Amino acid sequence: MKRASQESSQGGVETGLGRALARTALAAGHRVMGTVRTPADVRALEALAGDAHARILDVTDHEAVDTVVDETRRDLGPK
C-alpha cells in the first residue's frame, strides 16, 4: 500500500538538527518548507533532493511569521 506524501514545516533548517530533520523528511518523500536566515540558505535547502522549499524568516518579527505562514498556505497548500 502506497503511503500518501506528507508536508513538514520546520524552522531553522540551515544546519544541525533542523537540517537533519529536513533531509530525513525529504528522503521519506515528504514535502518540506523550512525557514532560514539568508538567501544562501534558501538556495542550499532548495538544492537538496526532493520537494524542498525555503523562506527567509526572523522569528522575532511576529508580522513576518504571519506573512510566511500565509504565503506557505497559499503557495504550498495541499497537493
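Everything that follows concerns the structure shown earlier in this document.
Residues numbered from 1 in each chain as written. Predicted model: local features only at pLDDT ≥ 70, side-chain atom pairs only at ≥ 80, totals over all residues. Heavy atoms only, no water.

Run through the overall build of the chain, naming residues and quoting values.
What the chain contains, in helices and strands, is three helices and three strands. For the chain, the N- to C-terminal ordering of α and β elements is β-α-β-α-β-α. When each of the 79 residues of the chain is scored for burial, the buried share is 35%. When contacts within the chain are restricted to residue pairs at least 6 apart in sequence, those whose partners lie at least 24 apart make up 33%. Summed over its atoms, the accessible surface of the chain is roughly 5,300 Å², and 54% of this surface lies on carbon and sulfur atoms. (Helix = DSSP H or I, 4+ residues; strand = E, 2+ residues; numbered from the N terminus. Buried < 20%, exposed > 50% of the residue type's maximum accessible area, 1.4 Å probe, protein only. Contact = heavy atoms within 4.5 Å. Areas by Shrake-Rupley, 256 points an atom, 1.4 Å probe, with all protein chains shown as cover.)

Explain the side chain of His 53 residue by residue, including any values.
Turning to its location among the elements, His 53 is positioned in strand 3 (residues 51-56). A distance of 2.5 Å separates a polar atom in the side chain of His 53 from a polar atom in the side chain of Asp 51. If we ignore the near neighbours within four places in the chain, the residues touching His 53 are Arg 31, Val 32, Met 33, Gly 34, Leu 45, Glu 46 and Leu 76. (Polar contact = N/O pair within 3.5 Å; in protein donor to acceptor, adjacent residues only side chain to side chain.)

I'd love a proper account of a negative patch on the surface, names of residues and values included.
A cluster of acidic residues, Asp 58, Asp 61, Glu 63, Asp 66 and Asp 70, forms a negative patch on the protein surface. Mapped onto the elements of the fold, Asp 66 is located in helix 3 (residues 62-76). Residue classification places Asp 66 among the partly exposed positions, given a relative accessible area of 48%. (Patch = residues over 30% accessible without salt bridge, like charges linked within 9 Å, V, L, I, M, F, W, Y side chains within 5 Å. Salt bridge = Lys/Arg side-chain N within 4 Å of Asp/Glu carboxyl O. Lys, Arg positive; Asp, Glu negative; His and termini not counted. Charge placed at Lys NZ, Arg CZ, Asp CG, Glu CD.)

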